[in-house]
Amino acid sequence: MHQAASLQFERVMDELVLWHAVPEDERSPAPAWWWGPAMAVCDAQEPMRHAWCCELGLGDGSSFAEGTHALLTLFAEQTSPTWPDDFPRKAEIKEDDVRELLAQPSDDSAFQP
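Residues numbered from 1 in each chain as written. Predicted model: local features only at pLDDT ≥ 70, side-chain atom pairs only at ≥ 80, totals over all residues. Heavy atoms only, no water.

What follows concerns helix α1 (residues 3–21). Along an α-helix, a turn takes 3.6 residues, which lines up residues three or four apart on a common side. In this model, α1 (19 residues) spans 28 Å end to end at C-alpha, consistent with the 27 Å of a helix rising 1.5 Å per residue. Turning to α1, its buried residues number three or more, namely Ala 5, Phe 9, Val 12, Met 13, Glu 15, Leu 16 and Trp 19. Check the buried side of α1 and you find it contacts α2 (35–40), α3 (50–55) and α4 (64–73). (Helix = DSSP H or I, 4+ residues; strand = E, 2+ residues; numbered from the N terminus. Expected span 1.5 Å × (residues − 1). Buried < 20%, exposed > 50% of the residue type's maximum accessible area, 1.4 Å probe, protein only. Contact = heavy atoms within 4.5 Å.)

As structure tokens, this is what we get:
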């Protein structure tokens, strides 16, 4: 397996630990940036580290391909992607942070009849 793919997958697994540490009702959806590193190792039959197998709920000695399948199941029911500010916990929006978007005047002068 290519070293870069292995390092990217390791980053995903480190983030997965952080994500699982957040209570499920406060957790953001699985971030879309996990997709690429997972797909980069989807054919790798090499065994993953024991800790990674445990984190993904797989048996000891499971392959990277099995790990990819377990990661991709996290996306199965999602209907929207995660915003970077919402990872690993859903961002709380304070009422003071909400702004009303006002209609802007149109400038149609560039489109003369």
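Before going further, it helps to examine the environment of Met 48. Looking at the element boundaries, Met 48 is found in the loop between α2 and α3. Assessed through its relative accessible area of 5%, Met 48 is described here as buried. Once the C-alpha coordinates of Met 48 and Leu 58 are considered, the two residues, 10 residues apart in sequence, prove to be 9.9 Å apart.

Let's shift gears to the environment of Leu 72. Mapping Leu 72 onto the fold places it in helix α4. With residues near it in sequence (within four places) discarded, Leu 72 still touches Trp 35 and Met 39.

On to the packing of aromatic side chains. Summed over the entire model, instances satisfying the criterion amount to seven aromatic pairs. Judged by centre distance (5.3 Å) and plane angle (65°), the ring pair of Phe 9 and Phe 64 falls under edge-to-face. Within this pair, whereas Phe 9 is found in helix α1, its partner Phe 64 is found in helix α4, the two being separated by 55 residues in sequence. What makes Phe 9 buried here is its relative accessible area of 0%. (Phe/Tyr/Trp six-rings, centres within 6.5 Å; stacked < 30°, edge-to-face > 60°.)

This part covers the environment of Asp 14. Note on placement: Asp 14 falls in helix α1. Considering only alpha carbons, one finds Asp 14 and Trp 52, 38 residues apart in sequence, at a separation of 9.1 Å.

Let's shift gears to the side chain of Arg 27. With respect to the helices, strands and loops of the structure, Arg 27 is situated in the loop between α1 and α2. The buried charged residue Arg 27 lacks any salt bridge, with Glu 24 as its nearest oppositely charged partner at 4.8 Å. Within the structure, the side chain of Arg 27 is placed 3.0 Å from the backbone oxygen of Trp 19, a separation counted as a polar contact. Apart from the residues lying within four places of it in its own chain, the contact partners of Arg 27 are Trp 19, His 20, Val 22, Pro 88 and Lys 90. (Lys, Arg positive; Asp, Glu negative; His and termini not counted. Salt bridge = Lys/Arg side-chain N within 4 Å of Asp/Glu carboxyl O. Polar contact = N/O pair within 3.5 Å; in protein donor to acceptor, adjacent residues only side chain to side chain.)

With that settled, consider α4. Taken together, the buried positions of α4 are occupied by Phe 64, Ala 65, Gly 67, Thr 68, Ala 70 and Leu 71. Among the structural elements, α1, α2 and α3 are those in contact with the buried residues of α4.

Our next topic: the pattern of salt bridges. Pairs may arise between side chains of opposite charge once their charged atoms sit close together. Under the defined criterion, the tally for this structure stands at two salt bridges. Between Arg 49 and Glu 10 there is a salt bridge, and its shortest N-O distance comes to 3.7 Å. In this pair, Arg 49 sits in the loop between α2 and α3 while Glu 10 sits in helix α1, placing the two residues 39 residues apart along the sequence. A relative accessible area of 45% means that Arg 49 is categorised as partly exposed. Exposure remark for Glu 10: the relative accessible area of 24% places this residue in the partly exposed category. The partner of Arg 11 in a salt bridge is Glu 15, with the nearest N and O atoms 3.3 Å apart. Within this pair, Arg 11 and its partner Glu 15 are both found in helix α1, separated by four residues, close to a single helical turn. Judged by relative accessible area, Arg 11 falls into the partly exposed class, the value being 30%.

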